[in-house]
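# Topology and contacts: notes
Here are the chains, one letter per residue:
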Amino acid sequence: MATVTYVRTIKFVAEILGEDPELLQAIVSNDDNLSYGSIISVYTGDDESVTALTDDGMDELEQMLKDARRSPKNGTTSSTALLTTSSSSLASKRNL
C-alpha cells in the first residue's frame, strides 16, 4: 500500500461521483464497508470532524455503488440495498 499524501472529503467525493453526500456518509459510517485505512477522520475542532477517503477508499466506494446498481436486492432501491449489504460479503470482496 502506497503512502497516503492526500484525501478527499465525503462532500467532494459525492460531487465527483454525482452522489448524495448523506448516502455516502451513511455507507462509510460503517467501518466494515471499506478496507482498513481507506476512511480517514479529520478533526477540525474539539467536537468536530470531517470524514475523508483515500484514493483506494474512493475506488472501493465507486465500485460498491456500481455493484449495487447492477443487482439491487429484491424489493429495494439501489440506495437501500447499499445500506443493507452485509459486512461479511463486503469483507470477502476486500480479501480478493
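Residues numbered from 1 in each chain as written. Predicted model: local features only at pLDDT ≥ 70, side-chain atom pairs only at ≥ 80, totals over all residues. Heavy atoms only, no water.

### Focus on the pairing of strand β2 (residues 39-45)
In the sheet, β2 pairs with strand β3 (residues 48-53) via 6 bridges, with the strands oriented antiparallel. Residue pairing for β3: Ser 41 is matched across the bridge by Thr 51. Taken together, β2 and the strand that follows it, β3, pair antiparallel across an intervening segment of 2 residues. (Pairing = 2+ DSSP bridges. Helix = DSSP H or I, 4+ residues; strand = E, 2+ residues; numbered from the N terminus.)

### Quick look at the pattern of salt bridges
Summed over the entire model, instances satisfying the criterion amount to 3 salt bridges. With a shortest N-O distance of 2.6 Å, Arg 69 and Glu 19 are connected by a salt bridge. Of the two residues, Arg 69 sits in helix α3 (residues 55-70) while Glu 19 sits in the loop between α1 (10-17) and α2 (21-28), which places them 50 residues apart along the sequence. (Salt bridge = Lys/Arg side-chain N within 4 Å of Asp/Glu carboxyl O.)

### Brief notes about a nonpolar patch on the surface
Together, Val 4, Val 7, Val 42 and Val 50 line one region of the surface with nonpolar side chains, adding up to about 250 Å² of accessible area. Structurally, Val 42 can be placed in strand β2. (Patch = residues over 30% accessible without salt bridge, like charges linked within 9 Å, V, L, I, M, F, W, Y side chains within 5 Å. Areas by Shrake-Rupley, 256 points an atom, 1.4 Å probe, with all protein chains shown as cover.)

### Some details on the packing of α1 against α2
Remark: α1 packs on α2, axes separated minimally by 9 Å, with the N-to-C direction vectors making an angle of 120°. As judged from the angle between their axes, α1 and α2 are oblique. Helix-helix and strand crossings are classified by hand; for α1 and α2 the assignment is right-handed. On the side of α1, the interface is formed by Ile 10, Val 13 and Ala 14, while α2 contributes Pro 21, Leu 24, Gln 25 and Val 28. (Axes fitted to C-alpha atoms, helices over the stretch in contact; angles between N-to-C directions. Parallel < 35°, antiparallel > 145°, perpendicular 65-115°, else oblique. Left-handed = near helix turned anticlockwise from the far one by under 90°. Contact = heavy atoms within 4.5 Å.)

Structural measurements only, silent on function.
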